[in-house]
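Summary of the model geometry
Each chain, written out:
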Number of protein chains: 2
Amino acid sequence: MTTDKNFLRSGCPIVSGLDVFGDKWTLVILRDLICGKETYTELANSPEKIPTNRLAERLRMLESEKIIEKSLYQEKPKRYKYLLTEKGRDILPIVQEIARWGNKYIEDTWVPPKWFMQEER
Amino acid sequence: MTTDKNFLRSGCPIVSGLDVFGDKWTLVILRDLICGKETYTELANSPEKIPTNRLAERLRMLESEKIIEKSLYQEKPKRYKYLLTEKGRDILPIVQEIARWGNKYIEDTWVPPKWFMQEER
């Protein structure tokens, strides 16, 4: 993964897209944000148990890519919540298609709630 | 990446799907197979210049996952071509959605040919 926007492995939009959000921890975080998680603690508590250093690093990268934005919800001590931007919400159809494939081909995977699969682009 | 089917980070179909095909070299190979490349040499010559050891390793993994199948097209010396199975072709909608996002949000990315974006599931 690179967060250097000046580095393009090629002009391929698939390759370039994956270079931004294509690592697996990032997609776990995006799934959780789509599902309504907002705080660092909520994100750290997913069943996949993302290591906290990875979580912090990915959140910084997603913010610098303008896929999420941070919003202060408590002053003392300072606490932030993380919200998807339009650029971030536009990742939903990708995640839906991955879920469809996973449910079809990998045994014993969770079936996502209907609203998750039907949500509009 | 793991190729151990018994390892599931969770029952999440998104996470599990990505554990199979979600690394960036694998998706470059799948893009190329969707675009009609068939031989090892054609796959090795993509603009992203996948290292040959990675290419060989990913092809073995994709074959063991039944996402591609090898077919002998020359006897002496033995030469194989690689074809997508139905499980492999079903990755197309994911790749299409990634391309749509890349074209929308990353400057100077190639616009895929129309047939690539319209191909049916």
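Refer to the structure presented above.
Quick look at the structure, then. (Residues numbered from 1 in each chain as written. Chains lettered and ligands numbered in written order. Predicted model: local features only at pLDDT ≥ 70, side-chain atom pairs only at ≥ 80, totals over all residues. Heavy atoms only, no water.)

**Looking at helix H4 (residues 52-64) of chain B**
All names here are of chain B. The condition that has to hold: Helical segments are the DSSP runs of H or I of at least four residues, strand segments are the runs of E of at least two, and each set is numbered from the N terminus. Helix span is expected to be 1.5 Å times the residue number reduced by one. Between buried and exposed lies partly exposed: a residue is buried under 20% and exposed over 50% of the maximum accessible area for its type, with that area taken using a 1.4 Å probe on protein chains only. This arc describes the spread of directions from the helix axis toward the C-beta atoms. By the convention used here, residues are in contact when the closest approach between their heavy atoms is within 4.5 Å.
For H4, which comprises 13 residues, the first-to-last C-alpha distance of 18 Å matches the rise-based estimate of 18 Å (1.5 Å per residue) to within 8%. Within the span of H4, buried status applies to Leu55, Arg58, Leu59, Met61 and Leu62. In an axial view of H4, the angular spread of the buried residues amounts to 165 degrees, which keeps them on one side of the axis. Exposed residues pointing more than 90 degrees away from the buried face of H4 are listed as Asn53 and Arg60. Buried positions along H4 lie against helix H1 (13-21), helix H2 (24-34), helix H3 (40-44), strand E1 (68-74) and strand E2 (79-84).

**As for the pairing of strand E1 (residues 68-74) of chain A**
Applied cut-off: For two strands to be treated as a pair, DSSP must find no fewer than two bridges joining them.
Sheet analysis places E1(A) next to strand E2 (residues 79-84) of chain A, joined by six bridges and oriented antiparallel. Paired with Lys70(A) across the bridge in E2(A) is Tyr82(A).

**Observations concerning the relation of the copies chain A and chain B**
Keep this limit in mind: The fit set for superposing copies consists of C-alpha atoms from residues with pLDDT of at least 70 in both; the fit itself is least squares.
When chain A is fitted to chain B, the best match, at an RMSD of 0.0 Å, comes from turning it 180 degrees and sliding it 0.0 Å along the axis. Taken together, the rotation and translation describe the operation of a two-fold axis. When each C-alpha of chain A is compared by its distance to the rotation axis, Ile94(A) comes out closest, at 2.8 Å. A shared interface surface links the copies, since 100% of the contact residues of chain A are contact residues in chain B too.

**Details of the state of the cysteines**
What counts is decided by this rule: Two cysteine sulfur atoms form a disulfide, by the criterion used here, when they sit within 2.5 Å.
A full pass over the atoms with the stated rule returns zero disulfides over all chains. For the unlinked cysteine Cys35(B), the closest cysteine sulfur is that of Cys12(A), found at 8.2 Å. Exposure remark for Cys35(B): the relative accessible area of 38% places this residue in the partly exposed category.

**Topic: the interface of chain A and chain B**
Formally: Buried area, as used here, totals the accessible surface that two parts lose on assembly, with accessibility defined by a 1.4 Å probe and the loss added over both. Salt bridge criterion: a side-chain nitrogen from Lys or Arg within 4 Å of a carboxyl oxygen from Asp or Glu. We call two N or O atoms a polar contact when they sit within 3.5 Å, provided that within protein one can donate a hydrogen and the other can accept it, with sequence-adjacent residues counted only if both atoms are side-chain atoms. Amino acids outside the nonpolar list (Ala, Val, Leu, Ile, Met, Phe, Trp, Tyr, Cys, Pro) and the charged list (Asp, Glu, Lys, Arg) are all regarded as polar, and Gly is one of them.
Tallying the contact residues gives 47 residues for chain A and 47 residues for chain B. Across the chain A/chain B interface, buried area totals approximately 4000 Å², and carbon plus sulfur atoms make up 71% of it. If you sort the residues of chain A by the area they bury against chain B, Ile14(A), Lys24(A) and Trp101(A) come out on top, with a joint share of 19%. One salt bridge in this structure joins Lys104(B) and Asp90(A), with 2.7 Å as the shortest N-O distance. In this structure, the connection of chain A to chain B is made through 10 residue pairs in polar contact (both at pLDDT 80 or more). Looking at the side of chain A that touches chain B, the element that brings in the most residues is helix H6 (residues 92-105) of chain A, giving 12 residues. Residues that form the side of chain A that touches chain B fall into these classes: 26 nonpolar, eight polar and 13 charged.

**Comments concerning the packing of aromatic side chains**
The condition is simple: Two aromatic rings, drawn from Phe, Tyr or Trp (for Trp, its six-membered ring), form a pair once their centres lie within 6.5 Å of each other, and the interplanar angle then sorts them: stacked below 30 degrees, edge-to-face above 60, tilted otherwise. Look at NZ for Lys and CZ for Arg. If either is within 6 Å of the ring centre and within 35 degrees of the ring normal, a charge sits over the ring.
On inspection of all chains with the given rule, the structure shows six aromatic pairs over all chains. Between Phe21(A) and Trp101(B) the ring centres are 4.9 Å apart and the planes differ by 90 degrees, which places this aromatic pair in the edge-to-face class. In this pair, Phe21(A) is assigned in helix H1 (residues 13-21) and Trp101(B) in helix H6 (residues 92-105), connecting two distinct chains. There is no split in this pair, since Phe21(A) and Trp101(B) are both buried. Chaining the aromatic ring pairs together yields one cluster made of Phe21(A), Trp101(B) and Tyr105(B). Lys70(A) extends its terminal NZ or CZ atom over the ring of Tyr80(A), reaching a point 4.3 Å from the ring centre.

None of this, on its own, says anything about what the molecule does.
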